Amino acid sequence: MTGDDLKIAYSPCPNDTFVFDALAHGRVPGAPGFDVTFADIDITNGMAERGEFDVLKVSYAVLPYVLDAYALLPCGGALGRGCGPLVLTREGGSAGGSDAVGGAGLTGRTVAVPSERSTAYLLFRLWAAEQVPGGVGEIVVMPFHEIMPAVRDGKIDAGLVIHEARFTYRDYGLHKLADMGEHWESTTGLPIPLGAIIAKRSLGTQALTRLADSIRASVRAAWDAPEVSRPYVMEHAQEMDPSVADQHIGLYVNEFTADLGEDGYAAVRGLLTRAAAEGLLPPLGPDALDFP
């Protein structure tokens, strides 16, 4: 690490450590050096809003608040199909033991979410506006790894979960009330935008282009030799079962990670435009998503 290293923050989740393993360990020729900090998405969203760090993994939902200072990189993030956030309740009924079906079971109920600035919460709000008559009750923010135990133990009525919870919620005896990704895909036909990589515009066009090229090279290196990244992934996977880590990577690291492409950009614009139309986010400027 040198004084010229870029300060980067991303989560300890398997998809991020898989993507950035080669970069973090200096195995991408010509890439900049990195000073890595691990932080959950709610923390990195706040860092972006305060202008901290050169490069950050953030929720797409935070982009309208930070794109004056940061540029959206066309790679390294998390979009996909069949990978959306889930609303979970205790097994055998709807939220709070109600007999109501689907979103109606959340009317007036307490729901835990991982972040009020998260894409997951934005997708939830768009879904709830259509599916929960009268609206939900209290929204409680808690770290995502605490949500399922809280639902299981009856501390909250329902939880909005992300990441590997898709694969493990049944272990907690929980029931999937709704899939935010299914709703998004069925109504838009687009992939689900979840996490973005952003970098400070002040780095300059040349540095931003070099950074994007380096991230793509790191992704390709991980795909070409996944066993090389395994120690880094498992070191930070919070005692996750290796098979769950593999499922996590398989779901969230895909062609959109290498390049957003036309469908990826359409998904991001679609989400942020729709949310702005509902008054949930500030509107984007016409060139806000352009990459230098």
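Please refer to the structure higher up on the page.
The sections below set out a description of the structure shown in this document. (Residues numbered from 1 in each chain as written. Predicted model: local features only at pLDDT ≥ 70, side-chain atom pairs only at ≥ 80, totals over all residues. Heavy atoms only, no water.)

Considerations on the environment of Ala 69
Phase 1: Counting through the fold element by element, Ala 69 comes out in the loop between α3 (63-66) and β4 (70-72).
Phase 2: For Ala 69, a relative accessible area of 39% translates into the label partly exposed.
Phase 3: The sequence separation of Ala 69 and Phe 144 amounts to 75 residues, and the corresponding C-alpha distance is 28 Å.
Phase 4: What Ala 69 contacts, discounting residues up to four positions off in sequence, is Ala 199, Lys 200 and Arg 201. (Helix = DSSP H or I, 4+ residues; strand = E, 2+ residues; numbered from the N terminus. Buried < 20%, exposed > 50% of the residue type's maximum accessible area, 1.4 Å probe, protein only. Contact = heavy atoms within 4.5 Å.)

Some words on the packing of helix α4 (residues 119-131) against helix α12 (residues 261-277)
Phase 1: Packing of α4 against α12 brings their axes to within 11 Å, and their N-to-C directions diverge by 55°. Taken together, the axes of α4 and α12 lie oblique to each other. Relative to α12, α4 is oriented so that their crossing is left-handed. Each of Thr 119, Leu 122, Leu 123, Leu 126 and Glu 130 in α4 lies in contact with α12, whose residues at this interface are Leu 271, Arg 274 and Ala 275.
Phase 2: Among the residues making up the contact of α4 with α12, the classes are represented as five nonpolar, one polar and two charged. (Axes fitted to C-alpha atoms, helices over the stretch in contact; angles between N-to-C directions. Parallel < 35°, antiparallel > 145°, perpendicular 65-115°, else oblique. Left-handed = near helix turned anticlockwise from the far one by under 90°. Nonpolar A, V, L, I, M, F, W, Y, C, P; charged D, E, K, R; others polar.)

What to know about the side chain of Thr 17
Phase 1: Locating Thr 17 in the fold gives a position in helix α1 (residues 14-24).
Phase 2: Its relative accessible area of 0% is what places Thr 17 among the buried residues.
Phase 3: At 3.2 Å, the side chain of Thr 17 forms a polar contact with the backbone oxygen of Pro 14. (Polar contact = N/O pair within 3.5 Å; in protein donor to acceptor, adjacent residues only side chain to side chain.)

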